Amino acid sequence: MQFLRNAWYIVAWEDEISPDTLFPRTILSEPILFYRTPSGEIVALSDRCPHRFAPLHLGRLVGDMVQCGYHGLCFGPAGDCVKSPHGDGKIPHGAKVRRYPTVRRHKAVWMWAGDPDGADPNAIPDYSFLTEAHPNSMFTGYLPTACNYQLATDNIMDLTHADYIHVGSLDTRGAIARTKAQVREEGASVHCDWWLPGSHVIGVFKPNFPGGDIVDQWFEVSWTPPALMLLRAGATLPGRPREEGVNVSAVHLMTPETETTTHYFFGSVRYYQEDNAVLNQHIRAAVVAAFSTQDKPMLEAQQQSLGTTDLLSLRPVALLGDVGGFRVRHALQRLLETESQESARNTRGEFGFSGRV
Ligand code: FES
Ligand SMILES: [Fe+2]
């Protein structure tokens, strides 16, 4: 499977990569080693020593270098072998590993998977609401899921699934499936908005409306390549302005681990009762339960059902809620084709990679 290379991928929440730790994670089917230097910079290196291809994460950190645990070669943050304990200490020819640009942003670590010259951190969507939120109004999480990342993207772009999978938790009573979403493309992004006037209030908003269960609600998803989604949802009393209601903003960020497994990062900020730590814990537990016991098992079973067959090649039946997901798949396909053509034109090497690591 071809993955989009010239893109930023979220690879970890910042607190997953603690100081003095070698943190391995497979990204786009490539084993990568992450670690922090003493100055706090996060380094991403190919997790295969070029000597006998031992995983570098089985070695140890020495200052800002990682020392291979097998025969002791040391690699610096740029990926070059900077120290050899063998013979006269001469650095062996070709002793380097690929390094990947990284940046810390929005509580997360992001990795650029393509030509380092194109790694502009400003291309990462603005999720600064995660860092600006009251600590008792936000949470983040990570859920490894054994499905292709595009199935996980479809799941967020098509919220009609909530009417069925989350029937006991969100209590949407079929309202999303009955509603035609407004889908539009802006630049590289795809937006999918549902507007549900006079609908039954969903579970997480319900305590805010003690006077009745009927509200006007909205769910708005914005996709940015490769698989980054922002979901805004809210509810207000019927006919009243949105500003009078309650709302949440959430990220659903998918990074391919392999063709059939996905690193699913989620984060949510609540814009009501923002200092209520107990409510925050309660909502986090409910969200994690829904993702891990409802979405994840269905996505994994869907992957099992598909096997290695591409979903679109099976000519799937299309429903009203699929429009956003199809637009995303087509937008991604266009980007992949462009990248593939550029790569073919580029005589410098694989992925337009200049040879620097
Ligand atoms: S495998 Fe790393 S130094 Fe030998
Ligand atoms: Fe879901």
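Heads up: the structure comes first, above all this text.
The present account deals with the structure reproduced in this document. Remember, predicted model here, so these are calculated numbers, not experimental data.

Section: the pairing of strand 4 (residues 42-46)
- Most of strand 4 sits out of view: 5 of its 5 residues are buried.
- Of the two faces of strand 4, the one carrying Ile-42, Ala-44 and Ser-46 and the one carrying Val-43 and Leu-45 are both buried.
- Sheet topology places strand 3 (residues 30-36) next to strand 4; 5 bridges connect them, and they run antiparallel. Looking across to strand 4, one finds that Arg-36 is bridged to Ile-42.
- Turn length for the strand 3-strand 4 hairpin, with the two strands adjacent in sequence and antiparallel, is 5 residues, and the turn residue Gly-40 shows positive phi of about 100°.

With respect to the sheet that holds strand 6 (residues 65-67)
- With antiparallel pairing, the 4 strands of this open sheet are ordered in space as 5-6-7-8. Here the strands that pair on one side only, and so sit at the sheet edges, are strand 5 (60-62) and strand 8 (81-83).
- Two strands pair when backbone bridges link them, and strand 6 and strand 7 (residues 74-75) are joined in this way by 2 bridges, in the antiparallel orientation. Paired with Gln-67 across the strands is Cys-74, a residue of strand 7.

Some points on the coordination of the iron ion (ligand 2)
- Those donors, His-161 (NE2), His-166 (NE2), Asp-295 (OD) and Asp-295 (OD), are the protein atoms that reach the iron ion (ligand 2), and they lie 2.1 to 2.7 Å from it.
- Angles of 53 to 142° at the metal separate the 4 donor atoms of the iron ion (ligand 2), which places the site in the irregular class.
- On the primary sequence, the residues serving as donors to the iron ion (ligand 2) are separated as H-x4-H-x128-D. Per residue, the accessibility class of His-161 equals that of His-166, and both read buried.

A few points about the packing of aromatic side chains
- Going through the model one piece at a time under the given rule, you end up with 12 aromatic pairs.
- With a centroid separation of 6.4 Å and 55° between ring planes, the pair formed by Phe-23 and Phe-34 is classed as tilted. Of this pair, Phe-23 sits in strand 2 (residues 23-27) while Phe-34 is found in strand 3, placing the two residues 11 residues apart along the sequence.
- The class of Phe-23 is buried, set by a relative accessible area of 12%.
- Geometrically, the ring pair formed by Tyr-142 and Phe-265 is tilted, given 5.1 Å between the ring centres and 35° between the ring planes. Of this pair, Tyr-142 sits in strand 12 (residues 138-145) while Phe-265 sits in strand 18 (residues 261-270), and the two are 123 residues apart along the sequence.
- The structure contains a cluster of three or more aromatic residues connected by ring pairs, namely Trp-13, Tyr-142 and Phe-265.
- Above the ring of Tyr-272, the side-chain terminus of Arg-270 is found at 5.7 Å from the ring centroid.

Quick notes on the layout of surface pockets
- For the largest pocket, the calculated volume is near 780 Å³.
- Lining the largest pocket are 37 residues, and of these Leu-170, Ile-202, Val-204, Val-287 and Phe-291 lie nearest its centre.
- When residues of the lining of the largest pocket are traced back to their parent elements, those giving at least two are helix 2 (149-157), strand 16 (228-236), strand 17 (246-258), strand 18 and helix 5 (277-306).
- Sort the elements by how many residues they give to the lining of the largest pocket and helix 5 lands first, with 8 residues.
- When grouped by side-chain class, the residues that make up the lining of the largest pocket number 24 nonpolar, 11 polar and 2 charged.

Notes on the state of the cysteines
- Considering all chains together, one arrives at 0 disulfides under this definition.
- Note on Cys-192: no disulfide assigned, nearest cysteine sulfur contributed by Cys-147 at a separation of 19 Å.
- A residue is classified by how much of its surface remains accessible, and Cys-192, at 1% relative accessible area, is buried.

Focus: the pairing of strand 11 (residues 108-112)
- Along strand 11, 5 of the 5 residues are buried, which leaves the element largely enclosed by surrounding structure.
- Burial of the side chains of strand 11 extends over both faces: Ala-108, Trp-110 and Trp-112 are buried on one face and Val-109 and Met-111 on the other.
- Note: strand 10 (residues 102-105) against strand 11, 4 bridges, orientation antiparallel. Within strand 11, the position partnered with Val-103 by the bridge is Trp-110.
- Two successive antiparallel strands, strand 10 and strand 11, enclose a turn made up of 2 residues, where His-106 displays a positive phi of approximately 55°.

The rules behind each value
- Residues numbered from 1 in each chain as written.
- Chains lettered and ligands numbered in written order.
- Predicted model: local features only at pLDDT ≥ 70, side-chain atom pairs only at ≥ 80, totals over all residues.
- Heavy atoms only, no water.
- Buried < 20%, exposed > 50% of the residue type's maximum accessible area, 1.4 Å probe, protein only.
- Helix = DSSP H or I, 4+ residues; strand = E, 2+ residues; numbered from the N terminus.
- Pairing = 2+ DSSP bridges.
- Donors = N, O, S within 2.8 Å, 3.2 Å for Na, K, Ca; no water.
- Tetrahedral: all angles 85-135°; square planar, octahedral: opposite > 155°, others 65-115°.
- Phe/Tyr/Trp six-rings, centres within 6.5 Å; stacked < 30°, edge-to-face > 60°.
- Lys NZ or Arg CZ within 6 Å of the ring centre and 35° of its normal.
- 1 Å grid on protein atoms, 1.4 Å probe; cavity = no way out; pocket = protein on both sides within 12 Å on 5 of 7 lines; lining within 4 Å.
- Points joined across faces, edges and corners; volume = space filled by probe spheres on them.
- Nonpolar A, V, L, I, M, F, W, Y, C, P; charged D, E, K, R; others polar.
- Disulfide = S-S within 2.5 Å.

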